[in-house]
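Residue-level structural notes
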Amino acid sequence: MKEYKMRRGETLDERVPDMESYVEEMFGPITDTEEYKGSDLYVVGEPSNPVFEKVVAGAVEYSGKKDKLAVEFHERDPTELGPDELEAAGEAVDAKNTFLLEATGRDAKSRRESLKRSVEDDAPDY
């Protein structure tokens, strides 16, 4: 499960007021919920894009801090995909990036840089 921060000065509720309908719009009907760090996340068990096996997404609430977006994409092995499904791979990448950009306000480059900084902060000093 990956967690994403919002842009400075913004909250997840402001960017995505209705997370349930946003997840359904992007990936397909919600089939279940899954508990993660005390928050219920939405599970799309049969996503509309055949590249995804399952998508888990939602807001993780932290007391005294801003909520974060938690997402886990379960993708099928590319060697198992047929020719028509391979065409959907590009659409799957676009769907992931659009979902994350709309929800966090951060593009792929700034998400990567933020992730690098958090890993560097966790590294022990020798």
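A brief report on the enclosed structure follows. Here the structure is a predicted model, which is why all the values come from computation and not from measurement.

So, how was this worked out
Residues numbered from 1 in each chain as written. Predicted model: local features only at pLDDT ≥ 70, side-chain atom pairs only at ≥ 80, totals over all residues. Heavy atoms only, no water. Pairing = 2+ DSSP bridges. Helix = DSSP H or I, 4+ residues; strand = E, 2+ residues; numbered from the N terminus. Axes fitted to C-alpha atoms, helices over the stretch in contact; angles between N-to-C directions. Contact = heavy atoms within 4.5 Å.

Let's talk about the sheet that holds strand E5 (residues 68–75)
Across a sheet, strands are paired by hydrogen bonds formed along the backbone, either parallel or antiparallel in direction. The strand order across the open sheet formed by 5 strands is E1-E5-E4-E3-E2, and the pairing between neighbours is antiparallel. The outermost strands of the open sheet, each flanked by one partner alone, are strand E1 (2–4) and strand E2 (32–36). Across the sheet, the axes of successive neighbouring strands diverge by a mean angle of 25°, strand direction being ignored. Where strand E4 (residues 52–60) meets E5, 8 bridges bridge the pair, whose relative direction is antiparallel. Opposite Val55, over in E5, you have Phe73 as the bridge partner. Contacts from helix H2 (residues 19–27) reach strand E3 (39–44), E4 and E5 within the one sheet, and its direction differs from that of E3 by about 25°. Lying on the sheet, helix H3 (residues 83–104) is in contact with E1, E4 and E5; it crosses E5 at an angle near 175°.

Everything listed here is a matter of geometry and, on its own, says nothing about what the molecule does.
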